[in-house]
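Observations on chain architecture
Here are the chains, one letter per residue:
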Amino acid sequence: MKTLVTFFSVSSKTKKVAERLAKLSGADLFEIKPEVPYTSADVKFINPLARCNKEKLGKAQVPIADKISNFDEYDLIVIGFPIWYAAEPNIIDTFVTDYDFSGKKVALFATSGGTGAAKSKDKVQAVIKGDAKVIDSKLFKVDSPDEDLKNWIEKL
């Protein structure tokens, strides 16, 4: 089974977990980057006018800078992201509607200071393009042990 670990990260916490998951499993790695990069002001949740708040509340699609040219080659797609408003950022919804996930397994992982990833599983399943099933979602901390990461990705 060929695996792709994809991720969206602003503060690099999710990126660090994604890189470790890919290395521990021998998976390929792809960073989901917005066409217009986020600034630190864009992700200040306490500011109601911050970009992240406007996107989430407006349910806006967030255009993605790059495409995966060989997406069809992968059997398992692992998608990582930070939790925003108790769920995935809108860029993840854009990502799962940009590709046909038919016949693929999908697993989610999130990084968060406190909120879990359970809501994201249902939300992503509702918007994913194709007949793919989101088989699992997991919350990791940036310092989660390698053994936990490896055990999770191997069971997928």
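This text gives an overview of the structure that appears in the document. Quick caveat: nothing in here was measured; it's all calculated off a predicted structure.

Turning our eyes to something else, we now look at the sheet that holds strand E5 (residues 133-140). Judged by pairing direction, the sheet is parallel, and its 5 strands sit side by side in the order E2-E1-E3-E4-E5 without closing on themselves. Single-partner strands in this sheet number two, and they are strand E2 (28-31) and E5. Direction aside, the axes of adjacent strands within the sheet are offset by 20° on average. Judged from the 7 bridges that link them, strand E4 (residues 105-111) and E5 form a sheet pairing that is parallel. By the bridge assignment for E5, valine 106 is matched with valine 134. Each of strand E1 (3-7), E2 and strand E3 (76-82) is contacted by helix H3 (residues 90-98), which is oriented at about 160° to E3, the strand it contacts most.

A separate point is the nonpolar core. In this structure, Ile32, Ile68, Ile79, Ile92, Phe95, Phe101 and Val106 are the most contacted members of the largest nonpolar core, which totals 31 residues. Broken down by secondary-structure element, the contributors of at least two residues to this core are E3, H3 and E4. Considering every element that reaches this core, the biggest residue donor is H3, with 4 residues. Core analysis: the next-biggest nonpolar cluster, separate from the first, contains 16 residues, Leu76, Ala107, Leu149 and Trp152 among them.

Mapped onto the secondary structure, serine 120 falls in helix H4 (residues 118-127). Judged by relative accessible area, which is 0%, serine 120 ranks as buried. When residues no more than four places from it in sequence are discounted, the contact partners of serine 120 are Phe81, Ile83, Ala87, Glu88 and Leu108.

The full count for this structure, using the stated rule, is 9 aromatic pairs. Where phenylalanine 8 meets tryptophan 84, the ring centres are 5.7 Å apart and the plane angle is 80°; that geometry is what we call edge-to-face. With a gap of 76 residues between them, phenylalanine 8 in the loop between E1 and helix H1 (13-25) and tryptophan 84 in the loop between E3 and H3 connect regions that are remote in the sequence. For the pair phenylalanine 8 and tryptophan 84, a shared accessibility class is recorded, and that class is buried. Taking 5.2 Å as the distance between ring centres and 55° as the angle between the ring planes, the aromatic pair formed by phenylalanine 95 and tyrosine 99 counts as tilted. The exposure class of phenylalanine 95 is buried, given its relative accessible area of 0%. We classify tyrosine 99 as buried; its relative accessible area is 9%. Taken together through their ring pairs, the aromatic side chains of Phe71, Phe95, Tyr99 and Phe101 make up a single cluster. Over the ring of tyrosine 99 we find lysine 67, and its NZ or CZ is 5.9 Å from the ring centre. Lying over the aromatic face of phenylalanine 71, lysine 104 brings its terminal NZ or CZ to 5.1 Å of the ring centre.

Cut-off values and rules
Residues numbered from 1 in each chain as written. Predicted model: local features only at pLDDT ≥ 70, side-chain atom pairs only at ≥ 80, totals over all residues. Heavy atoms only, no water. Pairing = 2+ DSSP bridges. Helix = DSSP H or I, 4+ residues; strand = E, 2+ residues; numbered from the N terminus. Axes fitted to C-alpha atoms, helices over the stretch in contact; angles between N-to-C directions. Contact = heavy atoms within 4.5 Å. Core = buried A, V, L, I, M, F, W, Y, C linked by side-chain atoms within 4.5 Å. Buried < 20%, exposed > 50% of the residue type's maximum accessible area, 1.4 Å probe, protein only. Phe/Tyr/Trp six-rings, centres within 6.5 Å; stacked < 30°, edge-to-face > 60°. Lys NZ or Arg CZ within 6 Å of the ring centre and 35° of its normal.

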